[in-house]
Amino acid sequence: MSENKNLVLSNQNQAIDGEIVVAPEVIEVIVGIAASKVSGVYGMRGNLASNVAELFGSSVHDKGVYLTTDAGKIKIDLYCFLNYGVSVPKTAIDMQEKVKQQVLYMTDLEIAEVNVHVVGVVPEKTTLPDLNELFDSEDEED
């Protein structure tokens, strides 16, 4: 049987009966968008399915985000690429704060842990010299 992994939000207003249920995929999307908007983050690590989906023009907002629940506490693992030259600890702390803030604001859920895994650093693009300019300068010297 499939396990029910939806998260139930507690009702703060006792005058209204009912419950609010949030699917984990929704939280993954919120986390993915919040993490990718942090300055210094090049992108999130995806898998083959997310890379193929992006190739066909679909935007995948939950790639590189993995949720686990342990004793009612939510733990998040983020796998990301950073831009070259940024402070890794500062960017990771910014990601943790931004993710916790956005999840709390949008779902009223407290996050127990946000673990940031830096998969790689993406260097700045360098412009390659034009081959015609290189060969023209040699011809002029003769």
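Throughout this document, residue positions are counted from 1 along each chain, in the order its sequence is written. In view of the model being predicted, local features appear only for residues whose pLDDT reaches at least 70, and side-chain atom pairs are presented and counted only at 80 or more, with totals across whole chains, interfaces and linings using the full set of residues. The side-chain quantities take in all heavy atoms of the structure and omit both hydrogens and water.

The protein chain carries the name Asp23/Gls24 family envelope stress response protein in an unreviewed UniProt entry, which gives Vagococcus luciliae as its organism. Quoted straight from UniProt, the Sequence similarities (unreviewed entry) entry for the protein chain says "Belongs to the asp23 family." UniProt positions are given in the numbering used here, feature names are shortened, and annotations may be inferred rather than shown by experiment.

**Side note on the side chain of Asp77**
Here a helix means four or more residues in a row that DSSP labels H or I, a strand means two or more in a row labelled E, and each is numbered from the N terminus. Relative to the assigned elements, Asp77 resides in strand 5 (residues 73-83). Within the buried set, Asp77 has no salt-bridge partner at all; the shortest N-O distance to an opposite charge, 8.7 Å, is to Lys75. Whenever a nitrogen or oxygen atom comes within 3.5 Å of another N or O atom, the pair is scored as a polar contact, on the condition that within protein one atom can donate a hydrogen and the other can accept it, and that pairs from neighbouring residues in sequence are kept only if both atoms are in side chains. A polar side-chain atom of Asp77 sits 3.1 Å from a polar atom in the side chain of Asn115. For the exposure calls, accessible area comes from a 1.4 Å probe over protein chains only, and a residue counts as buried if that area is under 20% of its type's maximum, exposed if over 50%, partly exposed in between. Positive residues here are Lys and Arg, negative ones are Asp and Glu, while His and the chain termini are left out of the count. Just to be clear on terms, a salt bridge is a Lys or Arg side-chain nitrogen sitting within 4 Å of an Asp or Glu carboxyl oxygen.

**Observations concerning the pairing of strand 5**
Consecutive residues of a regular strand have side chains that alternate between opposite faces of the sheet. Relative to strand 5, strand 3 (residues 41-44) is paired through 3 bridges, and the arrangement is antiparallel. Following the sheet pairing, Val41 is matched in strand 5 by Leu82. Pairing between strands is defined by DSSP: at least two bridges between them are needed. In terms of strand pairing, strand 4 (residues 65-70) meets strand 5 through 6 bridges, oriented antiparallel. Its bridge partner being in strand 5, Thr69 is matched across the sheet by Ile74. Judged from the 10 bridges that link them, strand 5 and strand 6 (residues 111-122) form a sheet pairing that is parallel. The partner of Cys80 across the bridge, within strand 6, is Val118. What joins strand 5 to strand 6 is helix 3 (residues 88-107), and the crossover it makes is right-handed. If the strands point away from the viewer and the path from the first strand over the helix to the second runs clockwise, then the crossover is right-handed.

**Some thoughts on the packing of helix 1 (residues 24-36) against helix 3**
Between helix 1 and helix 3, the shortest axis-to-axis distance is 9 Å and the interhelical angle comes to 140°. Relative to helix 3, the element helix 1 lies oblique. Both helix 1 and helix 3 take part in a crossing whose hand is right-handed. Where helix 1 approaches helix 3, its residues Ile27, Ile30, Val31, Ala34 and Ala35 are matched on the opposing element by Met95, Lys98, Val99, Gln102, Val103, Met106 and Thr107. For this classification, Asp, Glu, Lys and Arg are treated as charged, while Ala, Val, Leu, Ile, Met, Phe, Trp, Tyr, Cys and Pro are nonpolar and the rest, including Gly, are polar. Across the contact of helix 1 with helix 3, the residue classes tally to 9 nonpolar, 2 polar and 1 charged. Only the contacting stretch of a helix is used when fitting its axis, a line to C-alpha atoms as for every element, and angles between N-to-C directions run 0 to 180 degrees. Angle categories: roughly parallel below 35 degrees, roughly antiparallel above 145, roughly perpendicular from 65 to 115, and oblique for all the rest. We call a crossing left-handed when the near helix sits turned anticlockwise from the far one by less than a right angle, and right-handed when that turn is clockwise. The contact criterion used is simple: two residues touch if any of their non-hydrogen atoms lie within 4.5 Å.

**Things to note about helix 3**
Because each turn of an α-helix spans 3.6 residues, side chains separated by three or four positions end up pointing in the same direction. Over its 20 residues, helix 3 extends 28 Å from the first C-alpha to the last, a length consistent with the 28 Å expected when each residue adds 1.5 Å. Regarding helix 3, the residues found buried are Thr91, Ala92, Met95, Val99, Val103 and Thr107. Looking straight down helix 3, one finds its buried side chains confined to an arc of 100°; they lie on one side. Those residues of helix 3 that are exposed and aimed more than 90 degrees away from the buried face are Pro89, Lys90 and Tyr105. Taken from the residues just after helix 3, Asp108 is the one with a positive phi, measuring 65°. Helix span, as expected, comes to 1.5 Å for every residue beyond the first. When we speak of the arc, we mean the arc of directions from the helix axis to the C-beta atoms.

**Points about the packing of aromatic side chains**
What characterises a pair of aromatic rings is the spacing of the ring centres plus the angle enclosed by the ring planes. A pair of aromatic rings is counted whenever rings of Phe, Tyr or Trp (Trp by its six-membered ring) have centres within 6.5 Å, and the orientation is called stacked for planes under 30 degrees apart, edge-to-face for over 60 and tilted otherwise. Under the counting rule described, the total for this entry stands at 1 aromatic pair. Measuring from centroid to centroid gives 5.5 Å for Tyr66 and Tyr79, while their planes differ by 75°, and the two rings are edge-to-face. Highlighted residues: Tyr66 in strand 4 and Tyr79 in strand 5, separated in sequence by 13 residues. Residue Tyr66 is classed as partly exposed on the basis of its relative accessible area, which comes to 35%. As a reminder, the over-ring test applies to NZ of lysine and CZ of arginine, requiring each to be within 6 Å of the ring centre and within 35 degrees of the ring normal. Above the face of the Tyr79 ring, Arg45 is positioned so that its terminal group lies 4.5 Å from the ring centre.

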